[in-house]
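Read off the chains here:
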Amino acid sequence: MQNQSTGGPSRVPLGQRIGQALLRLTGWTAGPFPDIDRAVIAGGPHTSNWDGVLALVSRSALQKDVNVMIKSSLFKGPLGVLLRKLGAMPIERGKAGGMVEQTVAAFAEREKLLIAVTPEGTRSNADQWKLGFYHIARQAKVPIILALADYQEKTFSFPVVIYPGDDMEADLQQIYRHFAGVTPRHADKLSAPVCAAKAASATGAD
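Just so we're clear, the structure is a prediction, and the values are computed from it rather than from any experiment.

Conventions used here
Residues numbered from 1 in each chain as written. Predicted model: local features only at pLDDT ≥ 70, side-chain atom pairs only at ≥ 80, totals over all residues. Heavy atoms only, no water. Helix = DSSP H or I, 4+ residues; strand = E, 2+ residues; numbered from the N terminus. Contact = heavy atoms within 4.5 Å. Phe/Tyr/Trp six-rings, centres within 6.5 Å; stacked < 30°, edge-to-face > 60°. Buried < 20%, exposed > 50% of the residue type's maximum accessible area, 1.4 Å probe, protein only. Pairing = 2+ DSSP bridges.

Q: Hey, could you run me through the side chain of Gln16 in this one?
A: Summarising the element assignment, Gln16 is placed in helix H1 (residues 14–26). Residues contacting Gln16, with those up to four places away along its chain left out, are Ser60, Ala61 and Gln63.

Q: Teacher, can you tell me more about the packing of aromatic side chains here?
A: The description of an aromatic ring pair uses the distance of the two centres, along with the angle that the planes make with each other. Across all of its chains, the model carries seven aromatic pairs by this definition. Between Trp28 and Tyr151, the ring centres sit 5.1 Å apart and the planes meet at 85 degrees, which makes this aromatic pair edge-to-face. Of the two residues, Trp28 is situated in the loop between H1 and strand E1 (29–30) and Tyr151 in the loop between strand E6 (144–150) and strand E7 (155–157); the sequence distance between them amounts to 123 residues. Of the aromatic side chains, those joined through ring pairs into one cluster are Trp129, Phe133, Tyr134, Tyr176 and Phe179.

Q: I would appreciate a short explanation of the pairing of E6 in the present structure.
A: A regular strand places its side chains on the two faces of the sheet in alternate fashion. Of all seven residues that make up E6, seven are buried, and the element is covered over most of its length. Neither face of E6 is left uncovered, since the one carrying Ile144, Leu146, Leu148 and Asp150 and the one carrying Ile145, Ala147 and Ala149 both have all their residues buried. The pairing of strand E2 (residues 38–44) with E6 spans five bridges and is parallel. Across the sheet, Ile41 pairs through a bridge with Ile145, a residue of E6. For E6 and strand E8 (residues 161–162), the ladder comprises two bridges, and the chain directions are antiparallel. Bridging from a neighbouring strand, Ile145 pairs with Val161 of E8.

So this is what it looks like as structure tokens:
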């Protein structure tokens, strides 16, 4: 006689178990992720290659289908298949309309879409941020979820959801302050807007 299903809890996917195990082994925690299916995720502060590793491990541990924008020329043959499985989304850089319009169009076509970006653009002392992430969120009418890596607390959290309004500068200053409120891996490599927000916070605290 064959055993019948007991209707017990479903098994946790292997990728999620590996991600959770890696977080436990390193003393990190990730999440919780807000109950939102369509958003731009702004991650940072970005001062080390380890930030990307941490984001990928957290993505696996939380089992979130998060997409990362990568130039379309890399999506050829087996590499393209692998990139799509890893959540990469092809962007044609030379196409009319540019990255913002292409991504806004992708939001219009999908009921669920999470796009991850690093607004600082580089991991070392960016003078200014790349603001495409904000324009994408505003035009697509989706929120911005902040993903913050705190190397002192060992947390990868999503503490704030921002809905872009009419005052872009006010929204950006709010984002800068949240980025300034966590400890990056390399504090000497923080972007200029985050450094300014950190300095303003320290002055206000005196």
